[in-house]
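Now for the letters of each chain:
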Amino acid sequence: MTVRKIVDDTVAANSETSWFIHGFTNKEAVAFSIIVFPGTGAGVPNPVGHATLRQGESFQHVDGTKAYKVYIRNNAPFNTCNFSILAQVESLP
């Protein structure tokens, strides 16, 4: 089992973003997680890091590789949220 850092990004206050993540083999199972950090917001003296990760669709391309779509929702109503997406990868023999 390995953990891969996929990306660092920012999502606007009370908004959602999505990532299409590809490049996994057809023998790998992937579970995603996020690390969140407070962003900034005008007039917000104590910003909050609060987000929800939703693992969505799974795709298999014609060449046999796998891809996944994940969604990150910023639950903070007044400030941005910074996050890192991590992928925990398990391989079949």
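Computed from a prediction, not measured in an experiment: that's the story for all the values here. (Residues numbered from 1 in each chain as written. Predicted model: local features only at pLDDT ≥ 70, side-chain atom pairs only at ≥ 80, totals over all residues. Heavy atoms only, no water.)

## Some details on the nonpolar core
Here is step 1 of the chain: Core analysis: the largest hydrophobic core is formed by 15 residues, its most contacted members being Phe24, Val30, Phe32 and Ile85.
Here is step 2 of the chain: Of all the elements in the fold, those that place two or more residues in this core are strand S1 (2-11), strand S2 (16-24), strand S3 (28-38), strand S5 (66-74) and strand S6 (81-91).
Here is step 3 of the chain: The element that contributes the greatest number of residues to this core is S6, accounting for five residues.
Here is step 4 of the chain: Look past the residues within four positions of Phe24 in its chain and what remains in contact with it is Arg4, Val30, Phe32, Thr65, Lys66, Tyr68, Ala87 and Val89. (Core = buried A, V, L, I, M, F, W, Y, C linked by side-chain atoms within 4.5 Å. Buried < 20%, exposed > 50% of the residue type's maximum accessible area, 1.4 Å probe, protein only. Helix = DSSP H or I, 4+ residues; strand = E, 2+ residues; numbered from the N terminus. Contact = heavy atoms within 4.5 Å.)

## A closer look at the pattern of salt bridges
Here is step 1 of the chain: The full count for this structure, using the stated rule, is three salt bridges.
Here is step 2 of the chain: Between Glu28 and Arg4 there is a salt bridge, and its shortest N-O distance comes to 3.1 Å. Taken together, the positions of Glu28 in strand S3 and Arg4 in strand S1 put the pair 24 residues apart, joining distant regions of the chain.
Here is step 3 of the chain: Judged by its relative accessible area of 13%, Glu28 falls in the buried class.
Here is step 4 of the chain: Residue classification places Arg4 among the partly exposed positions, given a relative accessible area of 30%. (Salt bridge = Lys/Arg side-chain N within 4 Å of Asp/Glu carboxyl O.)

## Notes on the side chain of Ser84
Here is step 1 of the chain: Mapped onto the fold, Ser84 is located in strand S6.
Here is step 2 of the chain: Looking at Ser84, the relative accessible area reads 6%, which means it is buried.
Here is step 3 of the chain: A polar contact is formed between the side chain of Ser84 and the side chain of Asp8, at a distance of 2.4 Å.
Here is step 4 of the chain: Residues within four places of Ser84 in sequence aside, it is in contact with Lys5, Val7, Asp8, Ser33, Ile34, Ile35 and Phe37. (Polar contact = N/O pair within 3.5 Å; in protein donor to acceptor, adjacent residues only side chain to side chain.)

## A short note on the confidence of the model for the chain
Here is step 1 of the chain: Mean pLDDT over the chain works out to 95, with 99% of the residues at or above the 70 mark.
Here is step 2 of the chain: Highest mean pLDDT in the chain belongs to S5 (97); lowest belongs to strand S4 (residues 51-60) (94). (pLDDT = per-residue confidence, 0-100.)

## A few points about the side chain of Glu28
Here is step 1 of the chain: A polar side-chain atom of Glu28 sits 3.1 Å from a polar atom in the side chain of Arg4.
Here is step 2 of the chain: Engagement of the side chain of Glu28 in a polar contact is seen with the backbone nitrogen of Thr25, the distance being 2.8 Å.
Here is step 3 of the chain: Not counting the four nearest positions on each side in its chain, Glu28 is found in contact with Arg4, Tyr68, Val89, Glu90 and Ser91.

## Points about the sheet that holds S6
Strand pairing in a sheet is mediated by backbone hydrogen bonds. Such pairs are either parallel or antiparallel.
Here is step 1 of the chain: Reading across the sheet, the three strands line up as S1-S6-S3 and stay open at both edges, with antiparallel pairing between neighbours. Each edge of the sheet is formed by a strand with only one pairing partner; in this case those strands are S1 and S3. The average undirected angle you get between the axes of adjacent strands in this sheet is 20 degrees.
Here is step 2 of the chain: The pairing of S1 with S6 spans nine bridges and is antiparallel. Within S6, the residue paired with Val11 across the bridge is Cys81. (Pairing = 2+ DSSP bridges. Axes fitted to C-alpha atoms, helices over the stretch in contact; angles between N-to-C directions.)

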